[in-house]
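An overview of the molecular structure
Residues per chain are reported as follows:
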Amino acid sequence: MNVARKPFVRPQELSRDGRLTSFLVYLEAVTVVFDGFKALDIDLFGVYHNELRVVIGPNGAGKTTMCDVISGKTRLTQGKLFWHGNDIGTVHDIAMSRMGVGRKFQTPSVFDSLTVFENLELAIPNRQRDLLRNLWGKTTADEEAKIRQLMDRVNLTKQSDLQARFLSHGQRQCLEISMLVLAEPDLLLVDEPAAGLSDEETALMADLLLELRGQHAIVVIEHDMDFVRRLDAGVTVLNEGKIMAEGYMEEIQANPEVVEAYLGR
Ligand code: ADP
Ligand code: MG
């Protein structure tokens, strides 16, 4: 994969106009303060259209807070958040999800008593709101084909008619990501998807994210360094709310500050 890899371009290397056009989401001079404690202090941060980006850093570094800011769950204390080049600093999270941000939280939230297929049916956009269609339970042939194709990609075809309660932790995580994917979000935020997974499930999760790469921008927060290496993506290192380094894993690993603060422990 190294063959096709482009150099990692940091936001500092672009003009402001360049940032606004190149980045799907872009933070400028952003702080988030909780009761006087500065949880986030970001100079510049941008995620390119359809980029896969990994965010690493020690516990309490501000990784989840950064996702909360991007998804609109947490308000900025100061600064600007740009989405598709537009300043949307004060948009509510429901609005953000309508605008194309899919958020995967640390614990899976699937419907236990529904089958894998039914969970995916419900995840089709507008399905929950479209009461009449929902009552009649009509999924079009196109929608069914889309669901079957997706189940195939995430290795859940055999579990199609199984209630979600019987899935393994890893399968649930894959199901939940699939549910988000059905809404075709511009950006997927995935917080620690490998937490609690077996080695085999971790590898499958990495494959799933690699498979989705290029179709959505994806921001993955992760601790597991083997997993991060497997993704072969641009990495942002957060430490004490600030961006400490950005680049591909080789550069990050060679950065003495990062090794000292995080990797070396
Ligand atoms: P990470 O995900 O990197 O482990 P977080 O973003 O969850 O870190 O937290 C960053 C810091 O902000 C931590 O010190 C945490 O205690 C604090 N924090 C996060 N959310 C809140 C909140 N809602 N209220 C107060 N402090 C918070
Ligand atoms: Mg976190």
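The structure under discussion appears in the preceding block.
All of the points below concern the structure found in this document.

Cut-off values and rules
Residues numbered from 1 in each chain as written. Chains lettered and ligands numbered in written order. Predicted model: local features only at pLDDT ≥ 70, side-chain atom pairs only at ≥ 80, totals over all residues. Heavy atoms only, no water. Helix = DSSP H or I, 4+ residues; strand = E, 2+ residues; numbered from the N terminus. Contact = heavy atoms within 4.5 Å. Near = heavy atom within 4 Å. Polar contact = N/O pair within 3.5 Å; in protein donor to acceptor, adjacent residues only side chain to side chain. Areas by Shrake-Rupley, 256 points an atom, 1.4 Å probe, with all protein chains shown as cover. Nonpolar A, V, L, I, M, F, W, Y, C, P; charged D, E, K, R; others polar. Pairing = 2+ DSSP bridges. Axes fitted to C-alpha atoms, helices over the stretch in contact; angles between N-to-C directions. Expected span 1.5 Å × (residues − 1). Buried < 20%, exposed > 50% of the residue type's maximum accessible area, 1.4 Å probe, protein only. Core = buried A, V, L, I, M, F, W, Y, C linked by side-chain atoms within 4.5 Å. 1 Å grid on protein atoms, 1.4 Å probe; cavity = no way out; pocket = protein on both sides within 12 Å on 5 of 7 lines; lining within 4 Å. Points joined across faces, edges and corners; volume = space filled by probe spheres on them.

1. Some remarks on the environment of Tyr 48
Within the element layout of this structure, Tyr 48 appears in strand β2 (residues 37-48). Taking the C-alpha atoms as reference points, Tyr 48 and Leu 187, separated by 139 residues in sequence, lie 10.0 Å from one another. Apart from residues no more than four positions distant in its own chain, Tyr 48 is found in contact with Val 9, Leu 14, Ser 22, Phe 23, Leu 24, Arg 53 and Ala 217.

2. Quick word on the site of ligand 1
As a matter of local geometry, ligand 1 sits amid Phe 34, Phe 37, Ala 39, Pro 58, Asn 59, Gly 60, Ala 61, Gly 62, Lys 63, Thr 64 and Thr 65. Contact between ligand 1 and Gly 60: an oxygen atom at 2.7 Å from a main-chain N or O atom of the residue. Take Thr 65: an N or O atom from its side chain is 2.6 Å from an oxygen atom of ligand 1. Burial of ligand 1 by the surrounding chains reaches 60%, relative to a free accessible area of 560 Å². Listing elements by their share of the shell around ligand 1, those giving two or more residues are β2 and α2 (63-70). It is α2 that contributes the most residues to the shell around ligand 1, three residues altogether. Here the shell around ligand 1 is composed, by residue class, of five nonpolar, five polar and one charged.

3. Here we look at the sheet that holds strand β7 (residues 187-191)
Judged by pairing direction, the sheet is mixed, and its six strands sit side by side in the order β6-β7-β8-β3-β9-β10 without closing on themselves. With partners counted over all chains shown, the strands left at the sheet margins are β6 (101-104) and β10 (242-247), one partner each. Ignoring strand direction, the axes of neighbouring strands in this sheet form an average angle of 20°. Relative to strand β8 (residues 217-221), β7 runs parallel, the two being bridged by five bridges. What sits directly across from Val 190, in β8, is Val 220. Strands β3 (52-56), β7 and β8 of the sheet are contacted by helix α8 (residues 199-212), whose axis makes an angle of about 155° with β8.

4. What about the sheet that holds strand β1 (residues 23-34)?
Across the sheet, which stays open at both edges, the four strands sit in the order β2-β1-β4-β5 with antiparallel pairing between neighbours. Taken across any chain shown, the strands that pair with only one partner, and hence form the sheet edges, are β2 and β5 (86-87). Pairing geometry for β1 and strand β4 (residues 78-83), over five bridges, is antiparallel. When the bridges of β4 are listed, Glu 28 appears paired with Lys 80.

5. Focus: α8
Along its 14 residues, α8 runs 20 Å from first to last C-alpha, staying within 8% of the 20 Å computed at 1.5 Å per residue. Turning to α8, its buried residues number three or more, namely Glu 201, Thr 202, Ala 203, Met 205, Ala 206, Leu 208, Leu 209 and Leu 212. Check the buried side of α8 and you find it contacts α6 (141-153), α7 (169-182), β7, β8 and α9 (225-231). Just downstream of α8, Gly 214 is the residue with a positive phi angle, here 95°.

6. Brief notes about the environment of Ser 109
Among the structural elements, Ser 109 can be located in the loop between β6 and α4 (116-122). Note on Ser 109: relative accessible area 47%, which makes it partly exposed. C-alpha of Ser 109 to C-alpha of Gly 214: the two residues are 105 residues apart in sequence and 25 Å apart in space.

7. Regarding the side chain of Glu 51
Relative to the elements of secondary structure, Glu 51 occurs in the loop between β2 and β3. Residue classification places Glu 51 among the buried residues on the basis of a relative accessible area of 12%. For Glu 51, the residues in contact, after removing those within four places along its chain, are Phe 8, Gly 46, His 216, Ala 217 and Ile 218.

8. Remarks on the nonpolar core
Ranked by size, the top nonpolar core spans 47 residues in total, and within it Leu 120, Leu 175 and Leu 231 carry the most contacts. Looking at this core element by element, the count peaks at seven residues for α7. Val 25, Val 47, Met 66 and Leu 189 belong to the second-largest nonpolar core, a separate cluster that totals 27 residues.

9. Focus: empty space enclosed by the protein
Any space left empty among the atoms is revealed by the rolling of a water-sized probe across them. Under the defined criterion, the tally for this structure stands at one cavity of 30 Å³ or more. If you go around the largest cavity, the residues you meet are Val 69, Gly 72, Thr 74, Arg 75, Leu 76, Leu 81, Ile 88, Gly 89, Val 91 and Met 96. For the lining of the largest cavity, the per-class residue count stands at six nonpolar, three polar and one charged.

These figures capture arrangement, not role.
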